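What follows is each chain in one-letter form.
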Amino acid sequence: MQVFSSVTELRSYLAARRSDARRSEKKTIGLVPTMGALHEGHLALIEASRQTNDITGCSIFVNPIQFNNQEDLAKYPRTLEQDCALLDRAGCDFVFAPSADDMYPKAPSLVLNFGPLESVMEGAFRPGHFNGVGIVVARLFNIVHPDRAYFGQKDLQQVAVVRQLVEDLAFQLEVVPCPTLREADGLALSSRNRRLSPEERALAPQLYQVLTEAKERLLRGERVAEAKQFVQDYLAAIPAFRLEYFEVVHSVTMQPLEAVKPGHTALCIAAYLGPVRLIDNVVF
Ligand code: PAF
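Residues numbered from 1 in each chain as written. Predicted model: local features only at pLDDT ≥ 70, side-chain atom pairs only at ≥ 80, totals over all residues. Heavy atoms only, no water.

1. A few points about the site of the ligand
Step number 1: In the vicinity of the ligand, the residues found are Pro33, Thr34, Met35, Asn63, Gln66, Val136, Phe151 and Gln158.
Step number 2: One nitrogen or oxygen atom from the side chain of Gln66 is found 2.6 Å from an oxygen atom belonging to the ligand.
Step number 3: Here Gln158 contributes a side-chain N or O atom positioned 2.6 Å from an oxygen atom of the ligand.
Step number 4: About the coverage of the ligand: the protein hides 89% of its 290 Å² of free accessible area.
Step number 5: Tallied by class, residues from the shell around the ligand come to 4 nonpolar, 4 polar and no charged. (Near = heavy atom within 4 Å. Polar contact = N/O pair within 3.5 Å; in protein donor to acceptor, adjacent residues only side chain to side chain. Areas by Shrake-Rupley, 256 points an atom, 1.4 Å probe, with all protein chains shown as cover. Nonpolar A, V, L, I, M, F, W, Y, C, P; charged D, E, K, R; others polar.)

Next comes the structure, spelled out in structure tokens:
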């Protein structure tokens, strides 16, 4: 596995590997964009890419421009050496781990607006977040030119934003969403989980628990407003949690639903557990 921080060196490596002298067809590249602190969820994305593409790469970059909270940026776990060892074992072909100067030789002045997609949930609570995600993902796509890019569905709204980016800017690639992986107790795998204290870690599965119960209530015919009240009351009873939002939305448009839409209902939640912000969702 090769590790690059320089855009120029990565581009020449990819140009050489992409063209197979023995065959006329171009090799395909799968890209897994990440911010590092990798876990099994990321490795599942690497595996999904390996199954379909000739070359699989992973980018590791804690993107400062998508953080609206400087403390969250400072505390984001950085474990490059461990990450590279995991990726090597997982059969990844290359890692792109640029510094902030490699990624942004000049501060980007472009501002992206994803319209209704960013007026809700993560977009509403983290102003500028999707602009930062859109810019870094577009830069990665322009540097790597992947045929497919893999994203976890835990960040459901991010998947919708990236799809819109690809459609609006005519990137020639397929966005491949992959299912959320969970611990045995239901907690969605996330790089942020490692910041939880043992006490917080013990409480964390309640987030998935409340989503599951809200889903069952909605399927039994409870109204959206009642399910929302249930979630609020449930988390209010656990003082370590501070609910930021719980929304019942369309799983593609991310717009609020007034009633369950079979196959396209997403229950999305964000909450602080102590100092750590966790998100999760279920789609049904
Ligand atoms: O999901 C993430 O880890 C990040 O938002 C991404 C897509 C790598 C962009 O920085």
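2. Structural notes on the environment of Val137
Step number 1: The residue Val137 is located in helix 7 (residues 129-144) in this model.
Step number 2: Separated by 103 residues in sequence, Val137 and Thr34 place their C-alpha atoms 9.9 Å apart.
Step number 3: What Val137 contacts, discounting residues up to four positions off in sequence, is Phe151, Val162 and Leu165. (Helix = DSSP H or I, 4+ residues; strand = E, 2+ residues; numbered from the N terminus. Contact = heavy atoms within 4.5 Å.)

3. Let's talk about the sheet that holds strand 7 (residues 241-250)
Step number 1: What the 3 strands build is an open sheet, ordered 7-8-9; its pairing is antiparallel. Edge strands, defined here as strands with exactly one partner in the open sheet, are strand 7 and strand 9 (276-283). Shown here is a sheet whose adjacent strand axes are inclined to one another by a mean of 15°, direction ignored.
Step number 2: As paired strands, strand 8 (residues 265-273) and strand 9 are joined by 8 bridges and run antiparallel to one another. Following the sheet pairing, Leu267 is matched in strand 9 by Val282. (Pairing = 2+ DSSP bridges. Axes fitted to C-alpha atoms, helices over the stretch in contact; angles between N-to-C directions.)

4. Some words on the packing of helix 10 (residues 206-219) against helix 11 (residues 224-236)
Step number 1: Close contact between helix 10 and helix 11 brings their axes to 10 Å; oriented N to C, the two are set at 155°. Judged by the angle between their axes, helix 10 and helix 11 are roughly antiparallel. Helix 10 and helix 11 meet at a crossing whose hand is right-handed. Together, Gln206, Leu207, Gln209, Val210, Glu213, Ala214, Arg217 and Leu218 of helix 10 and Val224, Ala227, Phe230, Val231, Tyr234 and Leu235 of helix 11 make up the contact between the two elements.
Step number 2: In terms of residue class, the contact of helix 10 with helix 11 is built from 10 nonpolar, 2 polar and 2 charged. (Parallel < 35°, antiparallel > 145°, perpendicular 65-115°, else oblique. Left-handed = near helix turned anticlockwise from the far one by under 90°.)

5. Brief notes about the packing of aromatic side chains
Step number 1: Within the structure shown, the criterion is met by 7 aromatic pairs.
Step number 2: Measuring from centroid to centroid gives 5.7 Å for Tyr13 and Phe94, while their planes differ by 65°, and the two rings are edge-to-face. Taken together, the residues Tyr13 in helix 1 (residues 7-18) and Phe94 in strand 4 (residues 94-96) connect sequence positions 81 residues apart.
Step number 3: Relative accessible area serves as the criterion here: at 10%, Tyr13 is assigned to the buried category.
Step number 4: Accessibility expressed as a relative area gives 0% for Phe94, which makes it buried. (Phe/Tyr/Trp six-rings, centres within 6.5 Å; stacked < 30°, edge-to-face > 60°. Buried < 20%, exposed > 50% of the residue type's maximum accessible area, 1.4 Å probe, protein only.)

6. Comments concerning the side chain of Asp280
Step number 1: Take Asp280: it is sitting in strand 9.
Step number 2: Taking the relative accessible area as the measure of exposure, Asp280 reaches 4% and is therefore buried.
Step number 3: Among the polar contacts made by the side chain of Asp280, one reaches the side chain of Arg182 at a distance of 2.9 Å.
Step number 4: Among residues more than four places away in sequence, those in contact with Asp280 are Arg182, Ala188, Leu207, Tyr208, Leu211, Leu267, Cys268 and Ile269.

7. A look at the sheet that holds strand 5 (residues 148-152)
Step number 1: Spatially, 1-4-3-2-5-6 is the arrangement adopted by the 6 strands of the open sheet, whose pairing is parallel. Looking at strand neighbours, the two that pair on one side only are strand 1 (2-4) and strand 6 (174-178), the edges of this open sheet. Strand-to-strand, the axes of this sheet are offset by a mean angle of 25°, without reference to chain direction.
Step number 2: With 3 bridges joining them, strand 1 and strand 4 adopt parallel strand pairing. What sits directly across from Val3, in strand 4, is Val95.
Step number 3: Across the sheet, helix 1 is in contact with strand 1, strand 2 (29-34), strand 3 (55-60) and strand 4; its angle to strand 4 comes to roughly 155°.
Step number 4: The strands touched by helix 4 (residues 80-89) are strand 1, strand 3 and strand 4; relative to strand 3, the strand with the most contacts, the crossing angle is about 165°.

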